[in-house]
Every structure is written in C-alpha cells, then in structure tokens.
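If you want the building blocks of each chain, they are given just below.
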Amino acid sequence: MLNSFQTLTVARDGVQLHSRAGGEGPPLLLLHGHPQSMAMWHRVAPMLAQTRRVVLMDLRGYGDSSRPPADAEHLNHSKREMALDALAVMKQHGFDRFDVLAHDRGARVAHRLAVDHPQAVQRLMLLDIAPTLGMYEHTSEAFARAYWHWFFLIQPSPLPEALLDAGPAQYVRRVMGSRHAGLAAFAPEALAEYERCAALPGTSVSICEDYRASATIDLDHDRADIAAERKLTQPLRVLWGEHGAVARCFDVLSLWRERAQDVSGHALPCGHYLAEEAPERVIAEAQTFFTV
C-alpha cells in the first residue's frame, strides 16, 4: 500500500525506521496508531500529498520499523524516544520544521514531540485521544472495559507477550473489530497489512513495552511538564469520534486545555479510526487547519 510514495529507511541509535514520502509543498508528518502501521493513512495521504510533502513513518515496534529490546525502565519505547525517531526521520527527509497529523499512539508521540521540540513542530492535529495522564487519572469502569488492552498489555512479561504471540491476527481483529464500525471499516489489504506486521518477530514485546512506557516513564515526563508549567505552544486541533470511548469517557477539550495554550476541536460522526471511517472529513479538516 502507498506504493506511489518513495521509501526511505532511517537509522537512529541502532533502530531502523521505515518511512515513505510523496507530494510537493510544506512538510506534513503522519503518525499512525495501534495496532496499525502507516498503512492506516492510505485513504488520506494521497489527497494530502496533492498540496503537501507528506512523510509517513512506522513507529518503532510497529509496521516495518525495528523492534527494540525491552528494558527495565521502558525507556526504549518511551514517547520521548519515539519523538526523537520522528525528528530524525524528518531531518533525513530534509525538514527541520513541519506540521504533524497523528492518531492514537502516534498522537501520544506527537504530543511529546511538540512539547520537547517546539522549534520543530509548527501545527499539530491529534485524532481521538486525550492526554495520557488525564486518561489514566480519570479512568472509569466504562473506559477500562472499552480500553481493556491498556491494562492487559502493561502486565509483567512474559504473559501478555505469550498470549499475543499465540494469535497476533486474532488480537488485531479483536482490538479493531470491537469498536464502533467493526472490521467493515477497514480495507481488506490494510487489515492484511496490520496482521502481517503484528506477526513479525518482536512485535509482541514492542507492543507491550509501548503501553508499559505509557503507564510509567511517559507519565513521569507528563508530570514533569505540569510541574514546570510547560504546555504545548503550537496551534492544536483535536478531533475525536462521537461514537468512540474517548468521547464517552472524557471531556476531551477540557483535558487538552490543561496541556496546551491554543486548542480547538470537535467530534466527527464516526468511531475511533477516523482516517479510515471518515477519511473525507479528516482530509477536509487537515486541508483547512494546516493552511491557516
């Protein structure tokens, strides 16, 4: 998928980062969610590339990027480390300053990227997340039931990894198919790509470590931001699915206004996977926001 986009592999500290780029114009980085890869943008990226230089990358541990080893403090999969990956990829593509459109896990990476490297990120659009710390602090029974994988994947190794390795395709279909639109929202070739990547060696370790980092070291970084009164300074647009768990369980804009100076946003008529359930709406929102 996305074969019209040129492939570039970027090496950073022993991690190989798979990226693609296409189009001409101001740079726009797209970051994917869980348990997906850059393929999730297949309905959005070609249209955006008509007026932008669109760069897509697979986060470490996902897609065709490397699977780093686990470490005791989960530093290898912290959003701070992933943000440095994104910075390295964009530099290799020739950009020091750029816009970011990101979903789910990628949106958490984008948040950290924009806080840690404000000089690099011009504008930021995040899809269907509230701040990680806010979501953990406001967890309810409804959220825990809907986002059960948040609490399953952070359990001590090796049990979650063993269960994922026993059925990677089943895991992908369970997590994605249990949401608002079911599996019908996904193109067969995209779903096949997610299943292929989930079965690659080391994926289970990286997936679990990604979530363990979010429940530990990433929260430390978030708390440090709050203590230092450090907020996002870039224009931030937040979109979420009106039929998703994030909308049901959180006041999205209020939580983001605690972490950013300039926030706008609203719900779209879909569930969690905005770029695949409502691609035309995402394209229109991005074309408007990133040309202001």
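## Remarks on the packing of aromatic side chains
Phase 1: Scanning the entire structure with this criterion turns up eleven aromatic pairs.
Phase 2: Taken together, a centroid distance of 6.3 Å and an interplanar angle of 85° make the contact between Trp148 and Tyr171 edge-to-face. Residue Trp148 is found in helix H6 (residues 148-152), and its partner Tyr171 is found in helix H8 (residues 168-177); the two are separated by 23 residues along the sequence.
Phase 3: Ring centres of Phe289 and Phe290 lie 5.1 Å apart, and the angle between their planes is 65°; on these two criteria the pair is classed as edge-to-face. We note that Phe289, like Phe290, is buried.
Phase 4: Chaining the aromatic ring pairs together yields one cluster made of Tyr136, Phe143, Tyr147, Trp150, Phe151 and Phe250.
Phase 5: The ring of Trp150 has Arg105 sitting right over it, with the charged end atom 5.9 Å from the ring centre.
Phase 6: Here Arg105 stacks its cationic end above the ring of Tyr211, 3.7 Å away from the centre of that ring.

## Re the packing of helix H7 (residues 159-166) against helix H10 (residues 203-214)
Phase 1: In contact at an axis separation of 9 Å, H7 and H10 are set at 135° when each is read in the N-to-C sense. Overall, the two elements H7 and H10 adopt an arrangement that is oblique. H10 is crossed by H7, and the crossing has right-handed handedness. Contact residues: H7 offers Pro160, Glu161, Leu164 and Asp165, while H10 offers Ser204, Val205, Ile207, Cys208 and Arg212.

## A word on the pattern of salt bridges
Phase 1: Summed over the entire model, instances satisfying the criterion amount to 26 salt bridges.
Phase 2: Salt-bridge contacts for Asp96 lead to Lys91; the nearest nitrogen and oxygen are separated by 2.9 Å.
Phase 3: By relative accessible area, Asp96 is classed as exposed at 53%.
Phase 4: Taken together, the salt bridges that share partners define one network made up of Arg80, Arg112, Asp116, Asp222, Asp225, Arg230 and Arg259.

## Re the sheet that holds strand E7 (residues 236-241)
Paired through backbone hydrogen bonds, the strands of a sheet run either parallel or antiparallel to each other.
Phase 1: Reading across from one edge, E1-E2-E4-E3-E5-E6-E7-E8 is the order of the eight strands in this open sheet, with mixed pairing throughout. Edge positions in the sheet fall to strand E1 (6-12) and strand E8 (263-268), since each has one partner strand and no second. Shown here is a sheet whose adjacent strand axes are inclined to one another by a mean of 20°, direction ignored.
Phase 2: Across four bridges, strand E2 (residues 15-22) lies against strand E4 (residues 53-57) in antiparallel orientation. Of the residues in E4, the one forming a bridge with Gly22 is Val54.
Phase 3: Relative to strand E5 (residues 98-103), helix H3 (residues 104-116) is tilted by about 145°, and along the sheet it contacts strand E3 (27-31), E5 and strand E6 (121-127).

## A look at the confidence of the model for the protein chain
Phase 1: For the protein chain, the mean per-residue pLDDT works out to 97, and 100% of the residues sit at or above 70.
Phase 2: At the level of individual helices and strands, the protein chain shows its lowest average pLDDT in helix H5 (residues 141-146), which scores 96, and its highest in E3, which scores 99.

## Thoughts on the pairing of E7
Taken residue by residue, a regular strand's side chains alternate between the two faces of the sheet.
Phase 1: The buried count for E7 comes to six of six residues, which makes it a mostly enclosed element.
Phase 2: Across the two faces of E7 the burial is the same, with Leu236, Val238 and Trp240 and Arg237, Leu239 and Gly241 all buried.
Phase 3: In terms of strand pairing, E6 meets E7 through four bridges, oriented parallel. Bridged to Leu124 within E7 is Leu236.
Phase 4: As paired strands, E7 and E8 are joined by six bridges and run parallel to one another. Counterpart to Leu236 in the pairing with E8 is Val263.

## Description of the nonpolar core
The nonpolar side chains of a soluble globular protein tend to be buried with one another.
Phase 1: The biggest cluster of nonpolar side chains holds 98 residues, and the ones touching the most others in it are Leu29, Trp41, Phe98, Val100 and Leu101.
Phase 2: Setting aside its immediate chain neighbours within four residues, Val100 contacts Leu28, Leu29, Leu31, Ala110, Leu113, Val121, Arg123, Leu124, Met125 and Phe290.

## Considerations on H3
Phase 1: Helix length check: H3 (13 residues) gives 19 Å between terminal C-alpha atoms against 18 Å at 1.5 Å per residue, within 8%.
Phase 2: Of all the 13 residues making up H3, twelve are buried; the element is thus mostly covered by neighbouring parts of the structure.
Phase 3: Of the residues making up H3, those classed as buried are Asp104, Arg105, Gly106, Ala107, Arg108, Val109, Ala110, His111, Arg112, Leu113, Ala114 and Val115.

## Quick notes on the layout of surface pockets
Phase 1: The computed volume of the largest pocket comes to approximately 190 Å³.
Phase 2: Lining the largest pocket are 15 residues, with Ala146, Ser178, Arg179, His180 and Arg248 positioned closest to its centre.
Phase 3: Broken down by secondary-structure element, the contributors of at least two residues to the lining of the largest pocket are H5, H6, H8 and helix H12 (245-249).
Phase 4: Broken down by class, the residue content of the lining of the largest pocket amounts to five nonpolar, six polar and four charged.

Criteria and cut-off values
Residues numbered from 1 in each chain as written. Predicted model: local features only at pLDDT ≥ 70, side-chain atom pairs only at ≥ 80, totals over all residues. Heavy atoms only, no water. Phe/Tyr/Trp six-rings, centres within 6.5 Å; stacked < 30°, edge-to-face > 60°. Helix = DSSP H or I, 4+ residues; strand = E, 2+ residues; numbered from the N terminus. Buried < 20%, exposed > 50% of the residue type's maximum accessible area, 1.4 Å probe, protein only. Lys NZ or Arg CZ within 6 Å of the ring centre and 35° of its normal. Axes fitted to C-alpha atoms, helices over the stretch in contact; angles between N-to-C directions. Parallel < 35°, antiparallel > 145°, perpendicular 65-115°, else oblique. Left-handed = near helix turned anticlockwise from the far one by under 90°. Contact = heavy atoms within 4.5 Å. Salt bridge = Lys/Arg side-chain N within 4 Å of Asp/Glu carboxyl O. Pairing = 2+ DSSP bridges. pLDDT = per-residue confidence, 0-100. Core = buried A, V, L, I, M, F, W, Y, C linked by side-chain atoms within 4.5 Å. Expected span 1.5 Å × (residues − 1). 1 Å grid on protein atoms, 1.4 Å probe; cavity = no way out; pocket = protein on both sides within 12 Å on 5 of 7 lines; lining within 4 Å. Points joined across faces, edges and corners; volume = space filled by probe spheres on them. Nonpolar A, V, L, I, M, F, W, Y, C, P; charged D, E, K, R; others polar.

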